[in-house]
Amino acid sequence: MPVEVTIADGVAEIVLNDPAKLNALDESAIAGLSSALTEAHEAGVRALLLRGEGRAFCAGRDISGVDPATDDARGYLDDVVTPLLRQLASFPAPTFAAAQGACLGVGLGLLIATDVVYVAETAKIGSPFANLGATLDSGGHALFVERLGAHRTLDLIYTAELMSGAEAVAAGLFSRAVPEDSLLEFTRERVAKVATGATGAFLASKALVARLRDERIGLWTSLADENAAQGALCATDDYREGFAAFQQKRRPVFTGTRV
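Draft legend 1. Seen up close, the pairing of strand 2 (residues 11-16). Counting buried positions along strand 2 yields six of six residues, so the element is predominantly enclosed. Neither face of strand 2 is left uncovered, since the one carrying Val11, Glu13 and Val15 and the one carrying Ala12, Ile14 and Leu16 both have all their residues buried. Counting the residues between successive antiparallel strands, the hairpin from strand 1 (residues 3-8) to strand 2 contains two residues, one of them, aspartate 9, with a positive phi of roughly 55 degrees. Pairing geometry for strand 2 and strand 3 (residues 47-52), over six bridges, is parallel. Residue pairing across strands places glutamate 13 opposite leucine 49, the latter belonging to strand 3. The handedness of the strand 2 to strand 3 crossover, carried by helix 1 (residues 27-42), is right-handed.

Given below as structure tokens:
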């Protein structure tokens, strides 16, 4: 099963469990993650931990079976991804993520929507979309521009180079970077402690931070703009070439088509 949830001692632990695909998410897996969040909500948990099994947290959207000639990228982002990110961001308890390996695309979006993110020092974070003829989505533009500035953001987007977890934390993207072999234990200890704390006070701070964050960087407005841009790009030859090259495990040959 690609998504699993366990609930004990006031803590919900949700696991993306498709390591062979680096926990890449198709619509079924996203529906499973949404159902897990609903289950945790209804159980009244006091803290939530989201993690991925295997070498990666989440490598993004599973495009292995996507036909780029008919792909509705905007519909996928508007109707599938954005509601999930909003559901996670508004979860009524403190949320934590433990992230190792690839944290890309919708995987990065999940981290952006989580309250506290601990990453492995060797995690990989950035925008691989230059290789797909697509653009960074799931809230990445808002986070990167606010924390990294415009120049570094566009550098990462144009080159598709990835930051390590240690580099990302040093730049202020996430909470802390720890050795990968101690990441899960480190995170579980802190989640357990928070689950015994003053949940009401934590949620007051969570609401205040959410308001300040949205006023400052316009996260949801930026995310909607990303969705529109991706929808326009999916009609281009380069988008179709990028997806085909990924599926065929070859280097793409782009012609520079513009929207």
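Draft legend 2. View of the sheet that holds strand 8 (residues 162-164). Reading across the sheet, the three strands line up as 5-7-8 and stay open at both edges, with mixed pairing between neighbours. Strand pairing shows two members of the sheet lacking a second neighbour, strand 5 (102-104) and strand 8, which therefore form its edges. Strand-to-strand twist of the sheet, defined as the mean angle between neighbouring strand axes without regard to direction, takes the value 30 degrees. Pairing analysis gives three bridges linking strand 5 to strand 7 (residues 124-126), with the strands arranged parallel. Directly across from alanine 102, in strand 7, lies its bridge partner lysine 124.

Rules of the game
Residues numbered from 1 in each chain as written. Predicted model: local features only at pLDDT ≥ 70, side-chain atom pairs only at ≥ 80, totals over all residues. Heavy atoms only, no water. Buried < 20%, exposed > 50% of the residue type's maximum accessible area, 1.4 Å probe, protein only. Helix = DSSP H or I, 4+ residues; strand = E, 2+ residues; numbered from the N terminus. Pairing = 2+ DSSP bridges. Right-handed = clockwise from strand over helix to strand, strands pointing away. Axes fitted to C-alpha atoms, helices over the stretch in contact; angles between N-to-C directions.

So, to be careful, I would describe these as geometric facts and stop short of saying anything about function.
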